[in-house]
Amino acid sequence: MSDATTALYPAPDSVSKGAFVSGMPAYEKLVAEAEADYAGYWARLAREFVEWKTPFTKTLDESQAPFFKWFEDGTLNVSHNCLDRQVAAGLGDKVAIIFETDDGKVSRHTYSDLLARTAKLANALRAQGVKKGDRVVIYMPMSIEGIVSMQACARIGATHSVVFGGFSAQSLRDRIQDAGAVLVLTADEQQRGGKQLPLKAIVDEALSLGGCESVKNVIVYKRTGGNIAWHEGRDLWLHDVTEKQPDTAEPEWVSAEHPLFLLYTSGSTGKPKGVQHSSGGYLLHAAVTTKWTFDLHPDDIFWCTADIGWVTGHTYIAYGPLALGGTQVVFEGIPTFPDAGRFWKMIQDHKVSIFYTAPTAIRSLIKAAEGNEAVHPKRYDLTSLRILGSVGEPINPAAWEWYHQHIGGGRCPIVDTFWQTETGGHVITPLPGATPLVPGSCTLPFPGIQAAVVDETGKDVPWGQGGILVIKKPWPSMIRTIYGDPERFKKSYYPEDFKGKYYLAGDGAIRDAKTGYFTITGRIDDVLNVSGHRMGTMEIESALVAHTDLVAEAAVVGRPDDTTGEAICAFVVLKRPRPTGDEAKAIAKELRDWVGKEIGPIAKPKDIRFGDNLPKTRSGKIMRRLLRSVAKGEAVTQDTSTLENPAILDQLGQAY
Ligand code: WTA
């Protein structure tokens, strides 16, 4: 972490004045309010930020801890809160979404439009027999239709599970099966970076793999008009099923604890887990963090570049900005098409004032700008910006400084927001009008979040000393369970060694000795973070050994990478003699493609090394810390005396 006394960026007056949380005393007042009466603080916000059909009478139920319940006897509808509420407040004609396609076509969608489209789809889903509590899988491109699909599920009380368009048929099948989905919403193809990528064909393949008998229908949004196979009786066009439906639909009023969505994410075992979120608590946190962390005002133009397939696209595209009646940009494409100036051009064209992206995008755009003057941000007018955000992985101070200077013109605070699929929204983050910034630090907990750094026994460690990141008290938007596996939920997040008391984030952290600011030091489990995407090492290992003709054994570790943060490095023992030269290259390619098919392109290992064996202790345990050194290209300095076969390290270190 940088020295807090020299590299401190206080909130500039231009942002601080008029901010919803203006100045550190205002932040401290909120923290004190939460400390004095924890449940009372969240209850106050829940009344302020959420419109309830029936008000809740009890705020927090801890009787089944760690299965906490918030506002349980309150009823609401999330889509009503995002759409009807805005129209009723006179914002019907306000632009909710400025949508830009991959090839640069812009359309504007008002709150009234979105409400009508959501109601039509909600009616269509009901007409297909989808009911409250049913699970619906959404495998959609970045689109108005994708967001409307989420809102329509929320409207009828169906629990959505969005699957990122980059996941393979196999991964999609696993998610459909685990959730027992009754319906899949997809598109014929998605259009990204000038290319058409099949979605419907992948859905067809996923459903043909078996185990998805729960699925009755597939609703298809016609995006490109590309050729697709059609299963009569199962497949329906989105435009056909919605066309004749009325544009109003009574919302299903649900308990605050009703599951709004599942989102599958990687953990430390092979099988992805379906993180289950609530309706009331989740919506509250989505709204309050969007308002305070981004200081979102009615005239702001907000742009979060995430995909709706990730949690960031849920909280800060599909729900948070709409719950506040904000205006946002939604983008179909990628940052490097037609060139690496695309983001900067879109900020200029749409006069974006709040921009939220991932460090991996920033790092790759820095590289591009340094290599090509034509796409350098200085060629664009970025003066509309007032606040910048970062999410998904640690932002290294050099990238922070560049983002601050070249994108933010030295005047825009950067909110480095730490959170996870499981937390529902920001948990440690600066507030732009209050918190002095330090590059590389996510600074301080969001008011009401009791984050701490502890040792193995759950005891606080002194500032300046690294430890394990925990959240000491439950909060409204926290994960409720892992779908279908409550035991795994307990084991993963409330393990016995912490006496079941604290939420275990799975990251390491250190607090600055002087300021108490948090810096995240990375995952402490077997989860990698590649370009801000979470990947379980065991998941990739399972995919590799599933190639039973070729692979005998595999171990996967991460190594630092300048652009993607971490890169996947796989050590593989084949069922045939260790290959070298061209043969090794060909097999490595085959295995990469295989993993791409099993999980998705984002899981393809960057490095594949072959060995006659893996480094193991005499009791047969793979020594991953040694593999991490080999992956980095470091000399192994650790003790190797317990190793069965020390010579293997040299072999695994060799390139081909
Ligand atoms: C990492 C994404 C450092 C962390 C919202 C966490 C971060 C995992 C930051 C969750 C940040 C996210 N600084 N690390 N600002 N934000 N992470 O579930 O390791 O896709 O546990 O949620 O990303 O990734 P997930």
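Residues numbered from 1 in each chain as written. Predicted model: local features only at pLDDT ≥ 70, side-chain atom pairs only at ≥ 80, totals over all residues. Heavy atoms only, no water.

Asker: Can you walk me through the sheet that holds strand 6 (residues 135-139) in this structure?
Answerer: For sheets, the rule is that strands pair by backbone hydrogen bonds, running either parallel or antiparallel. Taking strand neighbours across the sheet as the criterion, the eight strands line up as 12-11-8-6-7-14-15-23 in an open arrangement whose pairing is mixed. Unpaired on one side and paired on the other, strand 12 (235-237) and strand 23 (481-482) mark the two borders of the sheet. Direction of pairing for strand 14 (residues 261-265) relative to strand 15 (residues 273-277): antiparallel, over a ladder of five bridges. Each residue of the ladder has a partner; that of leucine 263, found in strand 15, is valine 275. (Pairing = 2+ DSSP bridges. Helix = DSSP H or I, 4+ residues; strand = E, 2+ residues; numbered from the N terminus.)

Asker: How do you make sense of the sheet that holds strand 18 (residues 354-357) when you look at a structure like this?
Answerer: In spatial order, the strands read 5-4-17-16-18-19-20; together these seven strands make up an open sheet with mixed pairing. Either end of the sheet is taken by a strand with one partner, and the two such strands are strand 5 (106-110) and strand 20 (414-417). The mean angle between the axes of side-by-side strands here comes to 20°, regardless of whether they run parallel or antiparallel. Two elements, strand 4 (residues 95-100) and strand 5, share five bridges in a ladder whose sense is antiparallel. Note that in strand 5 the partner of glutamate 100 across the bridge is valine 106. (Axes fitted to C-alpha atoms, helices over the stretch in contact; angles between N-to-C directions.)

Asker: It is not clear to me how helix 8 (residues 200-208) should be interpreted in this structure. Could you clarify?
Answerer: At 3.6 residues per turn, the α-helix brings residues three or four places apart onto the same side. Turning to helix 8, its buried residues are Lys200, Ile202, Val203, Asp204, Ala206 and Leu207. Along its buried surface, helix 8 packs onto strand 6, helix 7 (169-179), strand 8 (183-187), strand 10 (195-198), strand 11 (217-221) and strand 12. Remark: glycine 210 follows helix 8 within two positions and exhibits a positive phi of approximately 90°. (Buried < 20%, exposed > 50% of the residue type's maximum accessible area, 1.4 Å probe, protein only. Contact = heavy atoms within 4.5 Å.)

Asker: Can you walk me through unusual backbone geometry in this structure?
Answerer: Excluding glycine, a negative phi dihedral is what most residues carry, and trans is how most peptide bonds are arranged. A cis amide bond, omega 5°, links alanine 65 with the succeeding residue proline 66. Along the chain, proline 66 falls in the loop between strand 1 (60-61) and strand 2 (69-70). The linkage connecting phenylalanine 337 with the following residue, proline 338, adopts the cis geometry, with an omega of 0°. You can see proline 338 is positioned in the loop between strand 17 (327-331) and helix 12 (342-350).

Asker: Quick question: what am I supposed to make of the pattern of salt bridges here?
Answerer: Oppositely charged side chains can pair when the atoms bearing their charge come close. Considering all chains together, one arrives at 37 salt bridges under this definition. With its nearest N and O atoms 2.7 Å apart, the salt bridge here joins glutamate 33 to arginine 44. Within this pair, whereas glutamate 33 is found in helix 2 (residues 24-36), its partner arginine 44 is found in helix 3 (residues 38-49), the two being separated by 11 residues in sequence. On the basis of relative accessibility, which here comes to 27%, the residue glutamate 33 falls in the partly exposed class. Two residues, lysine 271 and aspartate 178, come together in a salt bridge whose shortest N-O distance is 3.2 Å. Here the residue lysine 271 occupies a position in the loop between strand 14 and strand 15, and aspartate 178 occupies one in helix 7, the gap between them amounting to 93 residues. (Salt bridge = Lys/Arg side-chain N within 4 Å of Asp/Glu carboxyl O.)

Asker: What is the right way to read the UniProt feature "binding site: CoA" (unreviewed entry) in the protein from this model?
Answerer: UniProt records the feature "binding site: CoA" (unreviewed entry) at Arg192, Gly193, Gly194, Lys195, Thr312 and Ser531, using the numbering of this structure. For this annotated set, covering 340 residues, the C-alpha atoms extend up to 24.3 Å from each other, a dispersed arrangement in space. Mapped onto the secondary structure, arginine 192 falls in strand 9 (residues 189-192). For arginine 192, the residues in contact, after removing those within four places along its chain, are Asp102, Leu197, Glu332, Gly333 and Ile334. Position of serine 531 relative to the elements: it lies in the loop between strand 26 (527-530) and strand 27 (533-536). Here serine 531 falls in the partly exposed class, since its relative accessible area comes to 23%. Setting aside anything within four residues of it in sequence, one finds serine 531 in contact with Thr360, Glu393 and Thr564. Looking at serine 531, its side chain comes within polar contact range of the side chain of threonine 360, at 3.4 Å. (UniProt positions renumbered as here; feature names shortened; annotations may be inferred. Polar contact = N/O pair within 3.5 Å; in protein donor to acceptor, adjacent residues only side chain to side chain.)

Asker: Explanation requested: the nonpolar core in the structure shown.
Answerer: Considering soluble globular proteins, one finds that nonpolar side chains tend to be buried as a cluster. In terms of nonpolar packing, the biggest core is built from 164 residues, with Trp42, Trp292, Val572 and Leu591 touching the most fellow members. Once residues within four sequence positions are removed from consideration, tryptophan 42 is found in contact with Trp70, Phe71, Leu284, His285, Val288, Pro447, Gly448, Ile449, Trp475 and Pro476. (Core = buried A, V, L, I, M, F, W, Y, C linked by side-chain atoms within 4.5 Å.)

Asker: Would you mind going over the UniProt feature "binding site: ATP" (unreviewed entry) in the protein with me for this structure?
Answerer: UniProt feature "binding site: ATP" (unreviewed entry): in the numbering of this structure it lies at Gly392, Glu393, Pro394, Asp416, Thr417, Phe418, Trp419, Gln420, Thr421, Asp507, Arg523 and Arg534. By the element assignment, glutamate 393 lies in the loop between strand 19 (387-391) and helix 14 (397-407). Residue glutamate 393 is classed as buried on the basis of its relative accessible area, which comes to 8%. Every residue in contact with glutamate 393, bar those within four places of it in the chain, is listed here: Pro359, Thr360, Arg363, Asn529, Ser531, Gly532, Thr564 and Gly565. A distance of 3.1 Å separates a polar side-chain atom of glutamate 393 from the backbone nitrogen of threonine 360. Of note, glutamine 420 is situated in the loop between strand 20 and strand 21 (451-454). The residues touching glutamine 420, leaving out its near neighbours within four places in the chain, are Val311, Tyr503, Ala505, Asp507, Arg523 and Arg534.

Asker: Hey, could you run me through the pairing of strand 10 in this one?
Answerer: Regular strands have side chains that alternate between both faces of the sheet. Pairing of strand 9 with strand 10, which is carried by four bridges, proceeds in the antiparallel orientation. Pairing of glutamine 190 across the sheet is with leucine 197, part of strand 10. Where strand 9 hands over to strand 10, the hairpin turn is made up of two residues, of which glycine 193 adopts a positive phi near 60°.

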